[in-house]
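Chain by chain, the residues:
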Amino acid sequence: MTETYDVIIVGSGAGGGTLAHALAGSGKRILLLERGDFLPREMDNWAPKPVFVDGKYISADTWFDQDGKPFQPQVHYFVGGATKLYGAALYRLRPGDFGEIKHASGISPAWPLSYDDFEPWYSKAEQLYQVHGNGGEDPTEGHRSQPYPAPAVSHEPRIQEIYEDLAKGGYHPFHAPCGIMLDEADRPRSACIRCAWCDGYPCLVHAKADAEVIAVRPLLDRPNVTLLTGAEVTRLETDASGRTVTGVAVTRNGDREVYHGDIVAVSAGAANSAKILLNSASDAHPHGLANRSDQVGRNYTFHNCKAIVALSREKNDTTFQKTLGVNDFYFATKDYDWPMGNIQMVGKSNAEAMRGEQPEKTMFAPGWTLSDVAAHAVDFWLTTEDLPVPENRVTTDKDGHVHLAYSPTNGEEADRLYGELKKILNHVGMAAHHVLRKNFYADMDIPLAGCAHQAGTCRFGADPATSVLDVNCKAHEVDNLYVVDTSFFPSIGAVNPGLTAMANALRVGDHILSRIA
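Residues numbered from 1 in each chain as written. Predicted model: local features only at pLDDT ≥ 70, side-chain atom pairs only at ≥ 80, totals over all residues. Heavy atoms only, no water.

> I tried to follow helix H10 (residues 498-516) on my own but got confused; where do I start?
The first and last C-alpha atoms of H10 sit 27 Å apart over 19 residues, in line with the 27 Å expected at 1.5 Å per residue. Most of H10 sits inside the fold, with 14 of its 19 residues counted as buried. (Helix = DSSP H or I, 4+ residues; strand = E, 2+ residues; numbered from the N terminus. Expected span 1.5 Å × (residues − 1). Buried < 20%, exposed > 50% of the residue type's maximum accessible area, 1.4 Å probe, protein only.)

Spelled out as structure tokens, the structure:
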């Protein structure tokens, strides 16, 4: 089969879906290739056991660690990509994240562009993805050219108490930026019903600002946009010089198909984008497409994270809990020389998702059931930046399978942040010995599986010797190849990467429009 398009985009998530949205108005022929299908709308979308215990929506992929041990990565292949099950926490990187930062384990490198370069695109992405927030509450945030398009999601009573107690304790809690289609002023007409199933679950009512609902679905009636599902890209073919991608090879319904595009953008996620380039080795690119620098697949990051459950004597009857964040320890403090990271709240614990946890989860009060524990739980997510280390990398074997070598960094900082959370909770009536680690968001037996925040395998930069992409995310060595997902990150910061991927897709989309106009 031979089809020719102006632009071919591989992947429909935060990068690829947003890029398609940015380009669709040009009238140019756009092909969007998605490895998965539409995520089915069914009651299991909002059921803890299928989602968290059975892993119903996790891919059947097998990856391998650095010792060759197989594991199942927590990746999701659907129209909308990873955003279908994300928590819609849409943070901007802080201005300081774009510069060089010294950490306990080493250096987080500077980006080739600044916060000021990204700021207009952050604003556009927030408008597109309907982000709720209050600018100016968080001292670490950068300036903004536009206010948030929607007011911050309000705190429910227990979270409001925590917010006020933290402020009285001298901290700077803020309303977490959130991409949901909620109208609190007109709840009967609001698409979002403010349920308990936003974080880690698909949205049954399509009220989460994910890439399918926001970016892809509005394009499906356009005659110039074609979406193919079940289309796994296996290889990119080039001309003899290696300077131009001439074919995108796809496996679909068991058959091999090849599509042709004037411009090709790979947006398959940091691991799979690297996989595609590495598996596209040729005489012109013997070590993988666009990999003369030997940087494709290197510098893999996915954050140093901890999920925490704090148990209070008061019941926590909150439904939508993801409304509060604290960045007082995001950078170095007067008491500690290194950045620690971000504290935010996550979806509310429930007994069914906690099933199978260790007995320590019931130690708070003898005789408590898991339902009792969940009823008193207040849940936090701690994020510390991990460093882009060249040895932390994606490679592929002779069969094209992903091998992921990773050793964590900044463990000291992550442990210190955990300690600071315990101190914080003294101000809200939760003693340190009632603060526990939990792992039911990722019940795999190795940390590599939790790769929702993966980034960094095709970093952008000015020097072709140390980067894969230029500042417009075009491959240095290939004239019509772009990588438009979190692969381009030189460093990952300590907040969720989704909004930065969306903003960058709009930025790169503007550049591509200038090429195809």
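> Mind showing me how you'd approach the pattern of salt bridges here?
Between side chains of opposite charge, a pair can form as their charged atoms come close. Scanning the model with the defined rule gives 29 salt bridges in all. Between glutamate 126 and arginine 144 there is a salt bridge, with the nearest N and O atoms lying 3.0 Å from each other. Taken together, the positions of glutamate 126 in helix H3 (residues 115-128) and arginine 144 in the loop between strand S7 (131-132) and helix H4 (157-168) put the pair 18 residues apart, joining distant regions of the chain. For glutamate 126, a relative accessible area of 1% gives the class buried. Across the pair lysine 322 and aspartate 199 runs a salt bridge, and its minimum N-O distance is 3.7 Å. Of this pair, lysine 322 sits in the loop between strand S14 (304-311) and strand S15 (324-326) while aspartate 199 sits in the loop between strand S9 (178-179) and helix H5 (211-216); the two residues are 123 residues apart in sequence, bridging distant segments of the chain. Here lysine 322 matches aspartate 199 in class, with each residue buried. (Salt bridge = Lys/Arg side-chain N within 4 Å of Asp/Glu carboxyl O.)

> How should I be thinking about the environment of alanine 517 in this particular structure?
Relative to the helices and strands, alanine 517 is located in the segment after H10. Alanine 517 sits 57 residues away from phenylalanine 460 along the chain, and the two C-alpha atoms are 24 Å apart.

> Honestly, the pairing of strand S12 (residues 245-252) in this entry has me stumped. Any pointers?
Looking along a regular strand, one sees the side chains alternate between the two faces of the sheet. Burial analysis of S12 places 6 of its 8 residues in the buried class, which makes it a mostly covered element. Here strand S11 (residues 231-238) runs beside S12; their pairing, made up of 7 bridges, is antiparallel. When the bridges of S12 are listed, glutamate 237 appears paired with glycine 247. Linking S11 back to S12 in an antiparallel pair, the connection comprises 6 residues, with glycine 242 at a positive phi of about 80 degrees. (Pairing = 2+ DSSP bridges.)

Geometry only, nothing functional implied.
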